[in-house]
Amino acid sequence: MTSAFEYAPAPESRSIVDVAPSYGLFVDGEFTEAADGKVFKTVSPSTEEVLSEVAQAGEADVDRAVQAARRAFAKWSALPGSERAKYLFRIARIIQERSRELAVLETLDNGKPIRETRDADLPLVAAHFFYYAGWADKLDHAGFGPNPKPLGVAGQVIPWNFPLLMLAWKIAPALATGNTVVLKPAETTPLSALFFADICRQAGLPRGVVNILPGYGDAGAALVAHPDVNKVAFTGSTAVGKEIARTVAGTRKKLTLELGGKGANIVFDDAPIDQAVEGIVNGIFFNQGQVCCAGSRLLVQESIHDELLDSLKRRLSTLRLGDPLDKNTDIGAINSAEQLARITALADRGEAEGAERWSPACELPTSGYWFAPTLFTNVTQAHTIARDEIFGPVLSVLTFRTPDEAVAKANNTPYGLSAGIWTEKGSRILAVANKLRAGVIWSNTFNKFDPTSPFGGYKESGFGREGGRHGLEAYLDV
Amino acid sequence: MPTTAPTAQALSDVTASDSTLRRFLHGLPGVDAVGLEARAASLGTRSIKTTAKAYAIDLAISMVDLTTLEGADTPGKVRALGAKAVHPDPTDRTTPTTAAVCVYPDMVAVAKETVAGSGVKVASVATAFPAGRAALGVKLADVRDAVAAGADEIDMVIDRGAFLAGRYLKVYDEIVAVKEACGTSARLKVIFETGELSTYDNIRRASWLGMLAGADFIKTSTGKVAVNATPANTLLMLEAVRDFRAQTGVQVGVKPAGGIRTSKDAIKFLVLVNETAGEDWLDNHWFRFGASSLLNDLLMQRQKLATGRYSGPDYVTVD
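Residues numbered from 1 in each chain as written. Chains lettered and ligands numbered in written order. Predicted model: local features only at pLDDT ≥ 70, side-chain atom pairs only at ≥ 80, totals over all residues. Heavy atoms only, no water.

Looking now at the environment of Glu113(B). Residue and element names in this part refer to chain B. Structurally, Glu113 can be placed in helix α6 (residues 108-115). On the accessibility criterion, Glu113 (64% relative accessible area) is exposed. On a C-alpha basis, the gap between Glu113 and Arg79 in space is 8.5 Å, while along the polypeptide they are 34 residues apart. (Helix = DSSP H or I, 4+ residues; strand = E, 2+ residues; numbered from the N terminus. Buried < 20%, exposed > 50% of the residue type's maximum accessible area, 1.4 Å probe, protein only.)

Looking at soluble globular proteins, one finds that nonpolar side chains tend to be buried together. By size, the foremost hydrophobic cluster in this structure holds 107 residues, and its most contacted members are Ile95(A), Phe129(A), Leu167(A), Ile171(A), Phe196(A) and Ile212(A). The biggest single contributor to this core is helix α5 (residues 163-176) of chain A, with 11 residues. When we break this core down by domain, the ones giving at least three residues each are domain 1 (14-259 + 458-473) and domain 2 (264-443) of chain A. What Leu167(A) contacts, discounting residues up to four positions off in sequence, is Phe129(A), Ile158(A), Ala172(A), Leu183(A), Ala193(A), Phe196(A) and Ile212(A). Formed by 103 residues, the second largest nonpolar core is a distinct cluster that contains Leu25(B), Met63(B), Phe192(B) and Leu294(B). (Core = buried A, V, L, I, M, F, W, Y, C linked by side-chain atoms within 4.5 Å. Domains from an automatic or database assignment. Contact = heavy atoms within 4.5 Å.)

All names here are of chain A. In spatial order, the strands read β1-β5-β4; together these three strands make up an open sheet with mixed pairing. The outermost strands of the open sheet, each flanked by one partner alone, are β1 (22-23) and β4 (39-43). Lying on the sheet, helix α6 (residues 191-202) is in contact with β1, β4 and β5 (50-55); it crosses β5 at an angle near 65°. (Pairing = 2+ DSSP bridges. Axes fitted to C-alpha atoms, helices over the stretch in contact; angles between N-to-C directions.)

Once that is clear, we can look at the pattern of salt bridges. Tallied over the full model, the rule gives 49 salt bridges over all chains. With its nearest N and O atoms 2.5 Å apart, the salt bridge here joins Arg204(B) to Asp274(A). With Arg204(B) in helix α11 (residues 200-212) and Asp274(A) in helix α9 (residues 273-285), this residue pair bridges two chains. Across the pair, Asp274(A) and Arg204(B) agree in class, each one buried. A salt bridge links Arg242(B) to Asp243(B); the shortest N-O distance between them is 3.0 Å. Through salt bridges with shared partners, a single ionic network connects Asp65(B), Glu153(B), Asp155(B), Lys189(B), Lys219(B), Lys255(B) and Arg288(B). (Salt bridge = Lys/Arg side-chain N within 4 Å of Asp/Glu carboxyl O.)

Right, let's get into the UniProt feature "domain: Aldehyde dehydrogenase" (unreviewed entry) in chain A. UniProt's entry tags residues 32-477 of chain A with the feature "domain: Aldehyde dehydrogenase" (unreviewed entry), counted in the numbering of this structure. Overall, residues 32-477 of chain A shows 41% helix and 15% strand. The separation of its end C-alpha atoms is 32 Å. (UniProt positions renumbered as here; feature names shortened; annotations may be inferred.)

In this section: the domain arrangement of chain A. Residue and element names in this part refer to chain A. Segmentation of chain A into domains returns domain 1 (14-259 + 458-473) and domain 2 (264-443). Here the C-alpha centre of domain 2 lies 30 Å away from the C-alpha centre of domain 1. Contacts between the two partners involve 32 residues from domain 1 and, on the opposite side, 34 residues from domain 2. Interface of domain 1 and domain 2: buried area, both sides summed, is about 2,800 Å²; carbon and sulfur atoms make up 56% of it. Of all residues in domain 1, Trp160, Tyr458 and Lys459 bury the most surface against domain 2, accounting for 22% of the area lost on that side. At the boundary of domain 1 with domain 2, the tally comes to one salt bridge. Arg115 is paired through a salt bridge with Asp330; the nearest N and O atoms lie 3.2 Å apart. (Buried area = accessible area lost by both parts, 1.4 Å probe.)

Right under this line is the structure:
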């Protein structure tokens, strides 16, 4: 955007966070090296600068961590709920106190704008711990009968798109219900989980209750397959989710999967247009579109297609892409070179298949991984970009004529995680929402999260719910 | 420009009768209150520093309609205000002048004399401000009186009673009549008293109604009720002027008034302008702040940027 009113750089200070040159695995309350001594580097996606060297967990480390969690389980699960709640409240408070530090760290390691880590990720992380802390001594009243029992050791594998938030979604309900945890963060974003390990120590959490194993897919696979794990929780791609389901099939492990999505954002002709435009932008460009519940398919009623697209393009032209630490940045970096390659390939495929590509004029930084906000018009259900999850800042615009057609197209996907409905007519919201096969349906908003609200998918978007009272069930023997 | 835009001709048909006008205004897209306020709040997190801040502060000073609208106003008070408008900071002559002084009609002549030759405009509230509860003839006489005394701008209030009763054509006709009374010399600002219209849908309808009737500016409020300018209602009005220009080619200004007291607030409003209507509105011909205490805070911030020290309220003039 060129304007007389050019915003001067307003970077958040990096000095608030002290990233050590190397980090170990967090097992049994101690930071340790990997058994085979392996390490990997984590880089800042916006600059490709190496941030730190991190111990890489292997099978032996997974075994060690599961054993530690097993040892801690008896005492931890025997604590009265009100005692476990104290730890969780303490963790929540420490997260709030250290939220600026954690926001800067997350932005450095993930590439997402500080505006998001500061205003969305961190407040939600703390809110999740507060929320589940409140449940810890009230499990008798959660609807699962008296004195519901925990499962044991939970093996949790989380993605790189919301590193600390996904950790909170996994760890908070697990601890509140009395389970112990071995968690593997994604290989591109291990740092905030390691800072969380430090917070556990700061909160005086008993050794072994939380174990953090940075590593690659092999460590995740070993964790999922470990015979002494009682519960597997995974958030990530549908392909890996299917593999995990095969691994745990025939065992007594309880499984929840939160996988991919191809969310439909449906805009009717009586929508509040200006707010719908904001919702579309938030739906697909929040976190550079690297969101499993992103509104990546815009279904717009034909009668307002041109008008809406004009407004949308004008709005995209005001998005500010660049230094994620700058407080005025709207669009940050793509998380990794690998993800950038995938987005690039799918966008090129969209063009090759005849969809019309548009991006606002926007200068990309020369180092780091960047992709300009992109929208495709003239997209049909047959296009790859209308079917495959892109997991990037790419919006496919399709049209519909009637509410029935909107519902049919929205449901015509193997996924079923999220959907949005934009109309000023309340009865239409209810009628359409009833017919959509998606776990989360937003009306006149998008990408709104709250710890009290269950989140999860239909079909190949996974099963089980995280958040709310429903989120307790996955960690209870009920 | 929207490719589906009705022509200006088509818009002239909407005022043919009360029912066509009603259909048009009620056919405007609705406003989702939660979404609107969230967008305003999100733009409020922009961080405006150093050179951008210096630009914004000078721009904001140049957009102030320095206002005194008290029963206790005297020629002396108005002269002091006028002097302040011309030289906001007596210690720094590089400070821009404010856009205008805004007074009651009987003070226009005094104000005019005080700011003569400076480029500062004289705005006058009229039409039985602030309630607007008077016969049309009285309102028009009020306007003509102010214009005759030399007012460059007239800030009128709409008949909120008629608007809320759904008598849109009456409101429209009144604005048209006032515009005519302004003649060619005075620009017309139309005040909706958004706090009394109460819903965002009403504010969007009133904005279009005012623009269709020939408003040069649309203005949030009188400053005399509990809720005056807010980021959300100003954002909504900025969307309205942006859309109106896209459809008709006619540019209309926006003036939030009342409740904007700090530089930080003013800068947030300028961010709204910049990212909603765009830079064409970043000029005091198209955007104003109706305010009195705001100016001193802008001046203190300006001094701080220039000297690196925050001097305090004794280093700006009390008027």
